Structure formats: structure tokens, C-alpha cells
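# Geometric and topological summary
Residue strings, one per chain:
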Amino acid sequence: VQLVESGGDLVEAGGSLRLSCSASRSIAGINVMSWYRQAPGKQRELVGSSANVGNTNYADSVKGRFTISRDNAKNTVYLQMNSLKPEDTAVYYCHALITTYIPSRTYWGQGTQVTVSS
């Protein structure tokens, strides 16, 4: 599975961005699609996850501001980011987890830069 992120940009605090993650295969069969981010000098952290059975979870730091959605017809997952803060500045990565394989398989995109200015 190849994942390609897009939509990263420079935005002012309080603004919005929508990131996209396009997959090379149907995402309906991908058990969990997630967004991670990594700020300079920090570890990569989970932003949120969307299971193909419908469950969606978010990190406390983005809850109420970020929303993950899936478009199965386009094989694309989105991360809508509102009320952006300077601390949201990071490289954002798309991640896919397929648990029907044994062992499970994971895939990463190349990342897209989000910079929030104060």
C-alpha cells in the first residue's frame, strides 16, 4: 500500500487546513487509518485514528479541533484541522494498519509539513 499525503501549508494561528492521504488500494479493507505528527526534536505522536468499522479516536490535544474522515470511493482519508495553534506545527504522516494479515502490516506516507505562525 502506498500512501501519499498532501495539503500541508503555512497558516496563521486560528486558521484551518485539510490534509489528504490517498491510498493506492481500497481503504475499505484497511482496518485502521491514522494520522501522526512529529515536531522538531520531538517523538512522533498519534493525532487520531479511524477504524473501518466506524470508530474514531483523537489525542486530547486535538479533540474538538481536528476531524478524521474517510472517502472510500476516492480511497482517501482526510484530516480537517480547525483552530490551529503554533504547537500544531509538525510533519503530519498518514498511517495504515491491516490486521487481516498475520502478522499485521503497517504502511507510512512520506509526510506533509504543517506550519502554524503565531
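Refer to the structure printed above.
On a predicted model such as this, the values are computed, not experimentally measured, just so you know. (Residues numbered from 1 in each chain as written. Predicted model: local features only at pLDDT ≥ 70, side-chain atom pairs only at ≥ 80, totals over all residues. Heavy atoms only, no water.)

In the structure shown here, the tally under the stated rule is one disulfide. Two residues, Cys21 and Cys94, share a disulfide whose sulfurs are 2.0 Å apart. Measuring handedness by torsion sign, the sulfur bridge of Cys21 and Cys94 sits at about -80° and is left-handed. Separated by 73 residues along the polypeptide, Cys21 in strand E3 (residues 17-23) and Cys94 in strand E9 (residues 90-98) bring together distant segments of the chain. With relative accessibility at 0%, the residue Cys21 sits in the buried group. (Disulfide = S-S within 2.5 Å. Helix = DSSP H or I, 4+ residues; strand = E, 2+ residues; numbered from the N terminus. Buried < 20%, exposed > 50% of the residue type's maximum accessible area, 1.4 Å probe, protein only.)

Strands sit in the order E1-E3-E8-E7 across an open sheet of four strands; the sheet is antiparallel. In this open sheet, the two edge strands, each paired with only one partner strand, are strand E1 (3-6) and strand E7 (66-71). Averaged over all pairs of adjacent strands, the angle between their axes in this sheet comes to 15°, without regard to strand direction. (Pairing = 2+ DSSP bridges. Axes fitted to C-alpha atoms, helices over the stretch in contact; angles between N-to-C directions.)

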